[in-house]
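Observations on the three-dimensional arrangement
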Amino acid sequence: MRSLTVLGSCGAWPEAGRACAGFLLEYDGFRVVLDLGYAALPRLLEHCPRGEVDAVVVTHQHPDHCVDVSALARVRHYEAPDAPPVALHCAPGVLDVLRALEPEPDPAEVFDVHELAGTTRIGPFDVLTVELPHYKTNLGVRLSAPGVSVAYTGDSGPSPELRRLAEGTDLFISDATLQGDASDRYLMTAAEAARGSRGAKRLLLTHFWPGSDRSVSVAEAKQIFDGEVIAAEEGLTLPL
């Protein structure tokens, strides 16, 4: 099975019935989690009841992208104490956040921790990372394996580096927090996400500000992006 499942699609905090950033990427039995923010873990456990994933990628240290990694650590510590540590590839500051949330057991004991910026391989995937503009160090990531290429921005303002991530990908997952005209250069509108994703086959918009009308974001992106535009929804699974 090769697929991408949306665990959470909200930015900042989760709306009722939703969760913050989180995605499950599956490739021939290998499972990678991309971010795990507020309320995303319960949705992951619907697919992996004991948190049995092969790797976790965390783009940056904001809690709407990483706080439920601490909850995953508890699942692994209590439910699979004899299992090998799960690989955690994370941006600077993430480990500090996890330790502040739960110092015992140390997250570095539950996870096999790696700097995301230095990661070039995760299981079957070749990995490309680029630093994107945000309030904290944020690393966009592209994972490529035979027949599949997926890129994810985490959080980003507009940047020429987005094209580097997007070019030739089957699916480009982009934050689209804002709508209309916006002056915030560390978050994107859907139109800006669409411009940055040119070169990808499909665009999955995510990280919506709570309360936003997502159909507006999709309409704005469709004016610019030539391929399929999809709004992330919790539970949505896209074949790859």
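Named according to an unreviewed UniProt entry, the protein chain is Ribonuclease BN (tRNA processing enzyme) originating from Kribbella aluminosa.

Looking at the nonpolar core
Counting 54 residues, the largest nonpolar core has Val 32, Leu 36, Leu 44, Val 56, Ile 173 and Leu 204 as the members making the most contacts within it. Among all residues touching Val 56, those that are not within four sequence positions of it are Val 33, Val 69, Leu 72, Val 86, Ala 87, Leu 88 and His 89. Counting residues in hydrophobic clusters, the runner-up holds 24 residues, among them Leu 132, Leu 162, Val 218 and Val 229.

Details of the environment of Glu 161
One can find Glu 161 in helix H5 (residues 161-166). Here Glu 161 falls in the partly exposed class, since its relative accessible area comes to 29%. Expressed as a C-alpha distance, the spacing of Glu 161 and Gly 140, which sit 21 residues apart in the sequence, is 9.0 Å.

Describing the pairing of strand E1 (residues 2-8)
Where burial is concerned, most of E1 is hidden: six out of the seven residues are buried. Note that E1 and strand E2 (residues 22-27) share six bridges and pair antiparallel. Note that in E2 the partner of Val 6 across the bridge is Phe 23. Sheet topology note: the E1/strand E14 (residues 237-239) ladder contains three bridges and is antiparallel. When the bridges of E14 are listed, Ser 3 appears paired with Pro 239.

A closer look at the sheet that holds E1
Strand order in the open sheet formed by seven strands is E6-E5-E4-E3-E2-E1-E14, and the pairing between neighbours is mixed. The open sheet is flanked by strand E6 (111-115) and E14, the only strands paired with a single partner. Averaged over neighbouring strand pairs, the angle between their axes works out to 20 degrees when direction is ignored. As defined by bridge partners, strand E3 (residues 30-36) adjoins strand E4 (residues 55-58) across three bridges and the pair is classed as parallel. Across the sheet, Val 33 pairs through a bridge with Val 56, a residue of E4. In this fold helix H2 (residues 63-79) packs onto E3, E4, strand E5 (86-90) and E6, with an angle of close to 130 degrees to the strand it touches most, E3.

Details of empty space enclosed by the protein
In this approach a probe as big as a water molecule rolls over the atoms, and the regions it shows empty are the leftover space. Within this structure, the stated rule accounts for one cavity of 30 Å³ or more. Considered as a void within the structure, the largest cavity measures approximately 50 Å³ in volume. Forming the boundary of the largest cavity are Ser 70, Ala 73, Arg 74, Leu 98, Glu 102, Pro 105 and Pro 107. Residues belonging to the lining of the largest cavity are distributed by class as follows: four nonpolar, one polar and two charged.

Re unusual backbone geometry
Omega for the peptide link from Glu 104 to Pro 105 comes to 0 degrees, which places this bond in the cis form. Phi at Ala 12 takes a positive value of approximately 75 degrees, unusual for a residue other than glycine. Note that Ala 12 resides in the loop between E1 and E2. Unusually for a residue other than glycine, Ala 39 sits at a positive phi of about 70 degrees. Note that Ala 39 resides in the loop between E3 and helix H1 (41-47).

About the thresholds
Residues numbered from 1 in each chain as written. Predicted model: local features only at pLDDT ≥ 70, side-chain atom pairs only at ≥ 80, totals over all residues. Heavy atoms only, no water. Core = buried A, V, L, I, M, F, W, Y, C linked by side-chain atoms within 4.5 Å. Buried < 20%, exposed > 50% of the residue type's maximum accessible area, 1.4 Å probe, protein only. Contact = heavy atoms within 4.5 Å. Helix = DSSP H or I, 4+ residues; strand = E, 2+ residues; numbered from the N terminus. Pairing = 2+ DSSP bridges. Axes fitted to C-alpha atoms, helices over the stretch in contact; angles between N-to-C directions. 1 Å grid on protein atoms, 1.4 Å probe; cavity = no way out; pocket = protein on both sides within 12 Å on 5 of 7 lines; lining within 4 Å. Points joined across faces, edges and corners; volume = space filled by probe spheres on them. Nonpolar A, V, L, I, M, F, W, Y, C, P; charged D, E, K, R; others polar.

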